[in-house]
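Listed here are the chains, written in short residue letters.
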Amino acid sequence: MVHRAPVRVPVEIHASDPLSMDGAVSQLRRHAEVELLDEGTGRPGTVAVLLADTLDEPTLARLRLLARADGPNAVLVTSVIREAELLQVIEYGVGAIVWRREATGHRLLRAVLAASRGEGDLPSDLLGRLITQVGRLQRGTTGVSAGTASGLAPREVDVLRLVAEGMDTAEIAGRLSYSERTVKNVMHGLTTRLQLRNRAHAVAYALREGYI
């Protein structure tokens, strides 16, 4: 029997200072699930990890480029996200966010693996802020577009509501008595149909449109 080597997730680390770069490299190098690449390698499926204390305009511009190049496979490690930046960052395509104070090797690995699967990983306090922010945006509009042709099916709403509670694929499958494949298919179908970048973006859309 031929034993295939496990597939490793290619990762590029982007940091504004050498100390942050060295720390992230040191943390992730210990994990066999990760293959660290030189910046700019551009291999398909690469997860881009961006470390930034604050999201100034140069950092946001870099994030836009990374998200455009890498699709949903972007992880942001930061110390502060202002209210005005949160939805913007998610709409750029960042699906995993890690607070810098919590960026241990295992926490970074969890975010990288989630991003590589397109599942996303947001801290619970950010999910709460996202719900509050989108709720304010929704109240500022004239109405809810739940009746549009691109609306969500009841099954999609059920899945997204649990995603918004922070559940992963296995937990959602267990709660709804679906297979994990069904949950993944539901998410893939709605993100593709509505041109959403990842799970976090899908939750923001559902909140903004008044589905959840």
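See above for the structure.
What this report covers is the structure whose coordinates are included nearby. (Residues numbered from 1 in each chain as written. Predicted model: local features only at pLDDT ≥ 70, side-chain atom pairs only at ≥ 80, totals over all residues. Heavy atoms only, no water.)

Let's talk about the overall build of the protein
And then number 1: Each helix and strand counted, the protein has nine helices and five strands in total.
And then number 2: The order of α-helices and β-strands along the protein, N terminus first, is β-α-β-β-α-β-α-β-α-α-α-α-α-α.
And then number 3: A burial count over the protein gives 47% of its 212 residues as buried.
And then number 4: The contacts in the protein between residues at least 6 apart in sequence include a share of 70% that link residues at least 24 apart. (Helix = DSSP H or I, 4+ residues; strand = E, 2+ residues; numbered from the N terminus. Buried < 20%, exposed > 50% of the residue type's maximum accessible area, 1.4 Å probe, protein only. Contact = heavy atoms within 4.5 Å.)

Focus on the sheet that holds strand S3 (residues 47-52)
And then number 1: With parallel pairing, five strands are arranged side by side in an open sheet as S2-S1-S3-S4-S5. At either margin of the open sheet sits one strand with a lone partner, and together these are strand S2 (34-37) and strand S5 (96-99). Across the sheet, the axes of successive neighbouring strands diverge by a mean angle of 25 degrees, strand direction being ignored.
And then number 2: In the sheet, S3 pairs with strand S4 (residues 74-78) via five bridges, with the strands oriented parallel. For alanine 48, the partnering residue across the bridge sits in S4 and is alanine 74. (Pairing = 2+ DSSP bridges. Axes fitted to C-alpha atoms, helices over the stretch in contact; angles between N-to-C directions.)

Concerning helix H4 (residues 105-116)
And then number 1: Helix length check: H4, at twelve residues, gives a terminal C-alpha distance of 16 Å against a target of 16 Å (1.5 Å per residue), a fit within 8%.
And then number 2: Where H4 is buried, its residues meet strand S1 (9-15), helix H1 (18-29), S2, S3, S4 and S5.
And then number 3: Downstream of H4 by one or two residues, glycine 118 has phi in the positive range, about 75 degrees. (Expected span 1.5 Å × (residues − 1).)

So, the pairing of S3
And then number 1: Summarising burial for S3: six of the six residues are buried, a large majority.
And then number 2: Every second residue of S3 is oriented toward a common face, with Val47, Val49 and Leu51 on one face and Ala48, Leu50 and Ala52 on the other, all of them buried.
And then number 3: As paired elements, S1 and S3 share five bridges and run parallel to each other. Its bridge partner lying in S3, glutamate 12 is registered against alanine 48.

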